[in-house]
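So the chains spell out like this:
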Amino acid sequence: SQQGEEDPQALSIQEGENATMNCSYKTSINNLQWYRQNSGRGLVHLILIRSNEREKHSGRLRVTLDTSKKSSSLLITASRAADTASYFCATLSQGAQKLVFGQGTRLTINP
Amino acid sequence: EAGVAQSPRYKIIEKRQSVAFWCNPISGHATLYWYQQILGQGPKLLIQFQNNGVVDDSQLPKDRFSAERLKGVDSTLKIQPAKLEDSAVYLCASSIGTGTGNTIYFGEGSWLTVV
């Protein structure tokens, strides 16, 4: 079963612009994680935000978490062509030990 | 540090044939996962091991899929007999443990096409 749902499903922007992807989930979580997947490759862990955190930064990435709305957003600032990939949110529910992924957002950065 | 190793990278088989995928996790990682990712979808957990014990296999189609991690290190995932809908990428991943802050590291995946 898919826990997280990303929005939009696909996003195409110009290089240099900011990209924002959203993730909504259904049950209470321990943490929420964002992963990147380049075409034909495995998933790469980007950032983890715990349920008691509201915002985290890592380089050009900014993740927010609103547990009252059961939603998270991933912001990539000053996008580059190399950021072209699919981005997935994944949630670790309270009491569970497995990470459940959403369907992903396919991001295309146009040069 | 070596990452999660998987083989083969690509496999094409006919339906009703069998296939096996192998995974070597990062050294010292007690938890090993097999995910199935159908094109255009997010990964779906098939089975999760903690050392050589199964933690979760609720979404593993046990009539045709099997997985083992006999010595708590390497793991194999087998499909027998394969169906067309098994065409997917099979991702192996590992983590130090199942703690809530543990990062999961993924291999490059084994791409299966069933014809």
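It should be noted that the structure appears before, not after, this text.
Residues numbered from 1 in each chain as written. Chains lettered and ligands numbered in written order. Predicted model: local features only at pLDDT ≥ 70, side-chain atom pairs only at ≥ 80, totals over all residues. Heavy atoms only, no water.

Q: Mind laying out the overall build of chain B, listing which residues take part and the relevant values?
A: Along the backbone of chain B there are zero helices and 11 strands. Going from the N terminus to the C terminus, chain B shows its helices and strands as β-β-β-β-β-β-β-β-β-β-β. For chain B, the C-alpha radius of gyration of 13 Å lies close to 13 Å, the compact-globule estimate for 115 residues. Seen along its three principal axes, the alpha-carbon backbone of chain B occupies a region of about 40 × 25 × 25 Å. Expressed as a percentage of its 115 residues, the buried residues of chain B come to 44%. (Helix = DSSP H or I, 4+ residues; strand = E, 2+ residues; numbered from the N terminus. Rg over C-alpha atoms; globule rule 2.2 N^0.38 Å. Buried < 20%, exposed > 50% of the residue type's maximum accessible area, 1.4 Å probe, protein only.)

Q: So what's going on with the interface of chain A and chain B? Residues and values would help.
A: Listed per partner, the contact involves 22 residues of chain A and 24 residues of chain B. The contact between chain A and chain B buries some 1800 Å² in all, and 47% of this surface belongs to carbon and sulfur atoms. On the chain A side of the contact with chain B, Leu43(A), Gln97(A) and Lys98(A) bury the most area, a combined 29% of that side's loss. Counting across the chain A and chain B interface gives one salt bridge. A salt bridge links Glu108(B) to Arg41(A); the nearest nitrogen and oxygen atoms lie 2.6 Å apart. Our enumeration of links across chain A and chain B arrives at six residue pairs in polar contact (both at pLDDT 80 or more). Looking at the side of chain A that touches chain B element by element, the count peaks at five residues for strand 4 (residues 29-37) of chain A. (Contact = heavy atoms within 4.5 Å. Buried area = accessible area lost by both parts, 1.4 Å probe. Salt bridge = Lys/Arg side-chain N within 4 Å of Asp/Glu carboxyl O. Polar contact = N/O pair within 3.5 Å; in protein donor to acceptor, adjacent residues only side chain to side chain.)

Q: I'd like to hear about the pattern of salt bridges, residue by residue, with values.
A: Scanning the entire structure with this criterion turns up five salt bridges over all chains. As a salt-bridge pair, Glu55(A) and Arg62(A) come within 3.2 Å of each other at their nearest N and O atoms. Residue Glu55(A) is classed as partly exposed on the basis of its relative accessible area, which comes to 40%. Notably, a salt bridge pairs Asp57(B) with Lys62(B), separated by 3.7 Å at the nearest N-O pair. With relative accessibility at 26%, the residue Asp57(B) sits in the partly exposed group.

Q: Residues and numbers for the state of the cysteines, please.
A: If you walk through the whole model with that rule in mind, you get two disulfides over all chains. The disulfide bridge from Cys23(A) ends at Cys89(A), spanning 2.0 Å between sulfur atoms. Between Cys23(A) and Cys89(A), the S-S dihedral sits near 65°, and the bridge is therefore right-handed. One end of the pair, Cys23(A), is in strand 3 (residues 19-24); the other, Cys89(A), is in strand 9 (residues 85-93), and 66 residues separate them in sequence. Classification of Cys89(A) as buried rests on a relative accessible area of 0%. In this model Cys23(B) forms its disulfide with Cys92(B); the gap between the sulfur atoms is 1.9 Å. Looking along the S-S bond of the Cys23(B)-Cys92(B) disulfide, the torsion reads about -70°, which is the left-handed sense. Within this pair, whereas Cys23(B) is found in strand 3 (residues 19-24), its partner Cys92(B) is found in strand 9 (residues 88-95), the two being separated by 69 residues in sequence. Side by side, Cys23(B) and Cys92(B) carry an identical accessibility label, which is buried. (Disulfide = S-S within 2.5 Å.)

Q: Tell me about the environment of Ser68(A), and please be specific about residues and values.
A: All names here are of chain A. Position of Ser68 among the secondary structure elements: in the loop between strand 7 (61-66) and strand 8 (71-76). Residues Ser68 and Ser93, spaced 25 residues apart in sequence, show a C-alpha to C-alpha distance of 15 Å. A polar contact of 2.5 Å, which involves the side chain of Ser68, links it to the side chain of Asp66.

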